[in-house]
Amino acid sequence: ISEQINAIASKYSGAVLLQKFDYFNALLVNTMDEEGNFIGGEFPLEENEHFNKLSVNTLMSDIQVPTNVYNKDPNILNGVYMSEALNDVFISNFQKDPTLTWQYFGSSAGFFRLYPGIKWTPDSNGVVSFDCRNRNWYIQAATSPKDIVILVDVSGSMKGLKMTIAKHTINTILDTLGENDFVNVIAYTDYVRYVEPCFKGTLVQADLDNREHFKLLVEELHVKGEAKVKKAMKESFRILADVTNGQGSLCNQAIMLITDGAMEDFQSVFEEFNWPDKKVRVFTYLIGRDMTFSENIKWIACNNKGYYTHISTLADVQENVMEYLHVLSRPMVINHDHDIIWTEAYMDSVLFKSKAHSLLLMTSVAMPVFSKKKETISHGILLGVVGTDVPLLEVMKLAPRYKLGAHGYAFLITNNGYILAHPDLRPLYIDGKKLKPKPNYNSVDLSEAEWEDTEDSLRTAMVKGETGTLTLDGRAAVDKGVSVFASAIFCVKNIKLLCIFFGMVLTRGHGQYMFFGNVSVEEGLHDLQQPDLTIADEWTYCETDIDPHHRKLTQLQAVVRYLTGKEPDLECDEILLQQVLFDAVVTAPLEAYWTALMLTESGFISAFLGTRSGLMRVIRYAGSEKR
């Protein structure tokens, strides 16, 4: 990521505004007009196993632009041209680490550079609604955690289209918030009303449940009465001043004022609550075509370190709401805070159609990109966000399965206590004949999976970033749903700077004794290469990703080549190899036993055996046509 930052920021330093520049638009590539000419250029695509058999171009990235952004806008053309430097960086990254998946740059102007390049498919109406600036990874990287109070005018003058636009504006603001943010929504006329009375006087975490709850309540708002913004402003400042007991981020604080005008003398409120420090920013959104009160609304924003915007149609909402993110990012830019963020788990829409649910979940790691031009560095200009997607399966390799024991397992949670990976996390449900993701699959708290942690001591320790061990009595399923009680030891580690917390569960006493079989390499290799034997290819017996020459080897091939001395440079887990060689030797007589069984018994389809080292022997009695 730092290489990507340097590449793009150095190119932007000498930027001049282009009026014309041709680039590969992901929506238009390989599309022909009626005369057989390419509209968006010819862009070679090949099916790639690593990218879930999608057709991609691993030699080049391409550009996606949402329908609501003009793809020939000079700012878009200039940004695309300057970010061309990322092509070489993306390719180099992928060559160094072939486990990487998608790499990308989301521009503050609205375009999205994606590697490897693909052909983008619009929805059924021909619309490309994907806007990188709305994605969680972009918003979290672009801003620090924030406390937001949304104030909406529901007086009589807001009826009709104005109220529709105001509701859409609230929903769009809510969509820019994440689990590290806190929020409340207040409707006002001549009195102040919390849209959710249970949240009166406080802020709540802007997780998915609370955001969706607010959206439902906002839809029920009705207009009446006369607007008195002064009372609502006072209430908002009081909430933000009383942020304690973990009910706030204690970082950025802002009030979002959504109204069609303000007639009162409101200066005294700011003098009492916000001046001279101006700790709370005030962003104002003037709704409707009437500009009578625009100067008043603009004055409120400009005198409280905020941003004023005018929204006259529904189509204006998205672009205008996003402006507040750029303002909140400025202190990060000026102070050179390049924080790396990791998102909550989410389901890859491509994988969802082709993989088991345990392989579906991904997380994104991202980082902001700031302008390094000397003349604008003090202005705090956010150029965009760079990032890459990481399958959680890769992170879980921190705890090799064979080291955890029969009932042991590893898990990951976020800094908010939500599960990233856990054997009891089941994100899908069956709807008829289809598998569908559960509505809140990525906001399942650790306490819902680890029931034995009745005092939340494990969860609390992990969220605080503490490391160490904790012993709890737990229950584990062993066979046919039978459960046994066992004392489990929870080992907790903070993966520093990543906001991810890693835990392992081991049965008491596991690892106190280790069993090593004493077999020769020659004897083990002979049995390891029998046709009925395989080893777990998703385990890492030998590192095949480091050297490009090893990447096409299966784990079994890599093990054999290492043990025979053909690839002495391979990095292999010698303890695991010792175990798998022993298992190969001691299970070898099974083949003869199973063959004899087939001659004396009938009705068997197959016989199989798995061992703790990942070795598996299988013999199939029936022919392929009968299986």
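Bear in mind the structure is a predicted one, so any value in this text is a computation, not a measurement. (Residues numbered from 1 in each chain as written. Predicted model: local features only at pLDDT ≥ 70, side-chain atom pairs only at ≥ 80, totals over all residues. Heavy atoms only, no water.)

K.L.:
Just checking my understanding: could you explain helix H2 (residues 74-82) for this structure?
P.N.:
Helical geometry note: an α-helix holds 3.6 residues per turn, so side chains three or four residues apart project in the same direction. Along H2, the positions that sit buried rather than exposed are Ile-76, Leu-77, Asn-78, Gly-79, Val-80 and Met-82. One side-chain oxygen of the residue at the start of H2 lies 2.7 Å from the amide nitrogen of Asn-75, identifying that residue as Asp-73. (Buried < 20%, exposed > 50% of the residue type's maximum accessible area, 1.4 Å probe, protein only. Helix = DSSP H or I, 4+ residues; strand = E, 2+ residues; numbered from the N terminus. Polar contact = N/O pair within 3.5 Å; in protein donor to acceptor, adjacent residues only side chain to side chain.)

K.L.:
What's the story with the state of the cysteines in this structure? I'm lost.
P.N.:
The bond known as a disulfide is covalent and runs between the sulfur atoms of two cysteines. Tallied over the entire structure, the rule returns one disulfide. Between the sulfur of Cys-542 and that of Cys-572 lies a disulfide, 2.0 Å long from S to S. Sign of the S-S torsion, about 105 degrees for the bond between Cys-542 and Cys-572, identifies this disulfide as right-handed. In this pair, Cys-542 sits in strand E25 (residues 542-543) while Cys-572 sits in strand E26 (residues 571-572), placing the two residues 30 residues apart along the sequence. (Disulfide = S-S within 2.5 Å.)

K.L.:
How should the packing of aromatic side chains be read in this particular structure?
P.N.:
Two aromatic rings are characterised by how far apart their centres lie and by the angle between their planes. Enumeration according to the criterion identifies 22 aromatic pairs in this entry. For the pair Phe-199 and Phe-214, a centre-to-centre distance of 5.7 Å together with 65 degrees between the ring planes defines the contact as edge-to-face. In this pair, Phe-199 is assigned in the loop between strand E8 (192-194) and strand E9 (204-205) and Phe-214 in helix H6 (residues 208-219), connecting sequence segments 15 residues apart. Considered together, Phe-199 and Phe-214 belong to a single accessibility category, that of buried residues. Connected via pairs of aromatic rings, a cluster forms that spans Tyr-104, Phe-112, Trp-120, Phe-130, Trp-137 and Tyr-138. (Phe/Tyr/Trp six-rings, centres within 6.5 Å; stacked < 30°, edge-to-face > 60°.)

K.L.:
Please clarify how the nonpolar core should be interpreted in this entry.
P.N.:
Generally speaking, nonpolar side chains in soluble globular proteins are found buried as a group. With 41 residues, the main nonpolar core has Tyr-23, Phe-112, Trp-120 and Trp-137 as its most contacted residues. Elements with a minimum of two residues in this core: H2, helix H3 (86-96), strand E4 (103-107), strand E5 (112-115), helix H4 (136-142), strand E15 (361-370) and strand E16 (382-391). With residues up to four places along the chain from it excluded, the contact list for Trp-137 reads Tyr-104, Gly-106, Phe-112, Cys-132, Ile-341, Thr-343, Ser-364, Ala-366 and Val-385. Val-152, Leu-177, Ala-187 and Val-327 belong to the second largest nonpolar core, which has 38 residues in total. (Core = buried A, V, L, I, M, F, W, Y, C linked by side-chain atoms within 4.5 Å. Contact = heavy atoms within 4.5 Å.)

K.L.:
What should I look at first to understand the pairing of strand E17 (residues 409-414) in this one?
P.N.:
Two faces belong to every sheet, and in a regular strand the side chains alternate between them. Taken across its six residues, E17 has five buried, putting it largely inside the fold. Bridge count for E17 against strand E18 (residues 419-421) is two bridges, and the pairing is antiparallel. Following the sheet pairing, Leu-412 is matched in E18 by Ala-421. In sequence, E17 turns back onto E18 through a hairpin of four residues, with Gly-417 there showing a positive phi of about 85 degrees. (Pairing = 2+ DSSP bridges.)

K.L.:
Help me understand the environment of Cys-542, please; the structure alone is not making it clear to me.
P.N.:
For Cys-542, a relative accessible area of 1% translates into the label buried. Put simply, Cys-542 and Cys-572 are 30 residues apart on the chain and 4.0 Å apart in space, counted from C-alpha to C-alpha. Leaving out residues up to four positions away in the same chain, Cys-542 has contacts with Gln-555, Ala-558, Val-559, Tyr-562, Leu-570, Glu-571 and Cys-572.

K.L.:
So what exactly am I meant to see when it comes to a nonpolar patch on the surface here?
P.N.:
Together, Met-514, Phe-516 and Ile-575 make up a nonpolar patch on the protein surface, roughly 280 Å² of accessible area in all. Here Met-514 is to be found in the loop between strand E23 (500-507) and helix H14 (521-528). (Patch = residues over 30% accessible without salt bridge, like charges linked within 9 Å, V, L, I, M, F, W, Y side chains within 5 Å. Areas by Shrake-Rupley, 256 points an atom, 1.4 Å probe, with all protein chains shown as cover. Salt bridge = Lys/Arg side-chain N within 4 Å of Asp/Glu carboxyl O.)

K.L.:
Explain the pattern of salt bridges to me, please; I cannot follow it from the model alone.
P.N.:
What the rule picks out here adds up to 13 salt bridges. For Lys-146, the salt bridge goes to Asp-181, with nearest N and O atoms at 3.3 Å. With Lys-146 in strand E6 (residues 146-153) and Asp-181 in the loop between helix H5 (161-175) and strand E7 (182-188), this pair connects stretches of sequence that are 35 residues apart. Since its relative accessible area comes to 1%, Lys-146 is described here as buried. A relative accessible area of 4% means that Asp-181 is categorised as buried. Among the ionic pairs, Lys-215 bridges to Glu-212, the shortest N-O distance being 3.6 Å. Placement of the pair is Lys-215 and Glu-212 together in helix H6, with a separation of three residues, close to one helical turn. Using a relative accessible area of 16% as the deciding quantity, one classes Lys-215 as buried. Assessed through its relative accessible area of 37%, Glu-212 is described here as partly exposed. Connected through shared salt-bridge partners, Asp-131, Arg-133 and Glu-319 make up one network.

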